[in-house]
Amino acid sequence: MTPFPTRLAALLLFAGALVASCSSQKSTTPPPAAATPPAAPTVKMWGEMKPVVSVKELMQYMIDPASDYIFDSVKTLIRPDGKVVEVMPKTDADWEKLRIGAVTMAEGVYLLKIQRPFAPAGDVNNSVGPDATELSPTEIMAKVEKDPVEWNARIEALRNVGLEVLDIVKRKDTKELWDASENLDVACEECHSHYWYPKEDAQFYRGLDARLKALPPPARGQSISR
Ligand code: HEC
């Protein structure tokens, strides 16, 4: 059996290590060599960052167009003659376009970490009236401020897809591009359904379905275009 003083010393050492790891900024002694590399240090800023547009506009004019470089790079098209063609990046120019999308996505999404209004002044989203499906910018802001950690996690999720695509571009791996495009879709959608239109839940779609079924059938001679 280990003599008591040794066990106490070990315990104190352990507690000391805990304190050191919790207050690493104040500690003057260097931390013990870790088996895994330490987390990347916080990025140094050379200056202040100030927002120009609202979240809504950042989406419309930067995140959404950048995502199209990725979404459009891989798809199946049905030609007028019925032939199905698969679109994939082939030339260097195609891969460069994808890289533009990936870099803009991975870097640009961090602009969501700068506090900014969610919509331009006076724009309340589709948040008014019985059929409103969206939260107002004020409601979205309250949600984010209540749990900024979650907001950041969703930003990181999108950034990770940007990094994934960058890696795919490096290896020119067309097979993984389908997965990446799917992951991108999920990263956008999960953030939107949580913050922007959480009212569009299963019950909302059941109601919509019921209302569509209750509509009168189209009058004779009227065609439904699809
Ligand atoms: C971290 C959360 C988050 C992620 C990730 C995110 N969005 Fe958004 N997006 C929002 C919020 C919040 C709004 C609604 C802002 C508002 O209208 O108040 C929005 C709005 C939008 C809009 C509406 C703009 C308009 O003019 O009405 C588009 C388009 C959009 N996002 C596209 C995307 C795409 C594409 C992606 C993925 C590539 C994406 N977003 C990822 C949070 C996010």
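This is a predicted model, so every value here is computed, not measured.

Some points on the overall build of the protein chain
So, step 1. The secondary structure content of the protein chain amounts to 7 helices and 2 strands.
So, step 2. Written out in order from the N terminus, the α and β elements of the protein chain read α-α-β-β-α-α-α-α-α.
So, step 3. Within the protein chain, the fraction of its 226 residues that count as buried is 14%.
So, step 4. Long-range pairs, those at least 24 residues apart, make up 67% of the contacts in the protein chain with a sequence separation of at least 6.

Quick word on the site of the ligand
So, step 1. Around the ligand lies a shell of 23 residues, among which Met 59, Ser 67, Phe 118, Cys 188 and Cys 191 are the nearest.
So, step 2. Where the shell around the ligand is concerned, the elements lending two or more residues are helix 2 (55–71), helix 4 (137–146), helix 5 (148–171) and helix 6 (174–196).
So, step 3. Looking at the shell around the ligand residue by residue, the class counts come to 16 nonpolar, 4 polar and 3 charged.

Concerning the pairing of strand 1 (residues 75–78)
So, step 1. Judged from the 4 bridges that link them, strand 1 and strand 2 (residues 84–87) form a sheet pairing that is antiparallel. Following the sheet pairing, Thr 76 is matched in strand 2 by Glu 86.
So, step 2. Counting the residues that bridge the hairpin from strand 1 to strand 2 gives 5 residues, and of these Gly 82 lies at a positive phi of roughly 90°.

Notes on the confidence of the model for the protein chain
So, step 1. When pLDDT is averaged across the protein chain, the result is 85; 78% of the residues are at 70 or more.
So, step 2. Residue range residues 1–27 is modelled with pLDDT below 50. Its contacts to residues more than four positions away, or to other chains, number 4 contacts.

Section: the packing of helix 3 (residues 92–108) against helix 5
What describes two packed helices is the angle between their axes and the distance between those same axes.
So, step 1. Contact geometry of helix 3 with helix 5 gives a least axis separation of 8 Å together with a crossing angle of 155°. The angle between helix 3 and helix 5 places the two elements in the roughly antiparallel class. The crossing of helix 3 and helix 5 is left-handed. Residues Trp 95, Leu 98, Arg 99, Gly 101, Ala 102, Val 103, Met 105 and Ala 106 of helix 3 form the contact with helix 5, whose participating residues are Leu 158, Arg 159, Val 161, Gly 162, Leu 163, Val 165, Leu 166 and Val 169.
So, step 2. Tallied by class, the residues present in the contact of helix 3 with helix 5 amount to 12 nonpolar, 2 polar and 2 charged.

Some points on helix 2
So, step 1. Here helix 2 contains 17 residues, and its C-alpha end-to-end distance of 21 Å is more than 12% below the 24 Å for a straight helix at 1.5 Å per residue.
So, step 2. Along helix 2, the sharpest change in direction is near 35° and occurs at Ile 63; proline Pro 65 comes one to four residues later.
So, step 3. Taken residue by residue, helix 2 has Val 55, Leu 58, Ala 66, Ser 67 and Ile 70 as its buried positions.
So, step 4. In the core, the buried residues of helix 2 are packed alongside helix 3, helix 5 and helix 6.

Thoughts on the packing of helix 2 against helix 6
So, step 1. Packing of helix 2 against helix 6 brings their axes to within 10 Å, and their N-to-C directions diverge by 155°. One way to sum up the angle between helix 2 and helix 6 is to call them roughly antiparallel. Crossing handedness for the pair helix 2 and helix 6: left-handed. Side by side, helix 2 and helix 6 meet where Ser 67, Ile 70 and Phe 71 of the first sit next to Ser 181, Leu 184 and Cys 188 of the second.
So, step 2. Among the residues forming the contact of helix 2 with helix 6, the class breakdown is 4 nonpolar, 2 polar and no charged.

Things to note about the environment of Asp 92
So, step 1. Relative to the helices and strands, Asp 92 is located in helix 3.
So, step 2. Taking the C-alpha atoms as reference, Asp 92 lies 9.7 Å from Lys 172; in sequence the two are 80 residues apart.

Scoring rules and cut-offs
Residues numbered from 1 in each chain as written. Predicted model: local features only at pLDDT ≥ 70, side-chain atom pairs only at ≥ 80, totals over all residues. Helix = DSSP H or I, 4+ residues; strand = E, 2+ residues; numbered from the N terminus. Buried ≥ 20, exposed ≤ 12 C-beta atoms within 10 Å, placed from the backbone. Contact = placed C-beta atoms within 7 Å. Near = placed C-beta within 6 Å. Nonpolar A, V, L, I, M, F, W, Y, C, P; charged D, E, K, R; others polar. Pairing = 2+ DSSP bridges. pLDDT = per-residue confidence, 0-100. Axes fitted to C-alpha atoms, helices over the stretch in contact; angles between N-to-C directions. Parallel < 35°, antiparallel > 145°, perpendicular 65-115°, else oblique. Left-handed = near helix turned anticlockwise from the far one by under 90°. Expected span 1.5 Å × (residues − 1). Bend = angle between axes of the 7 residues up to and from the residue.

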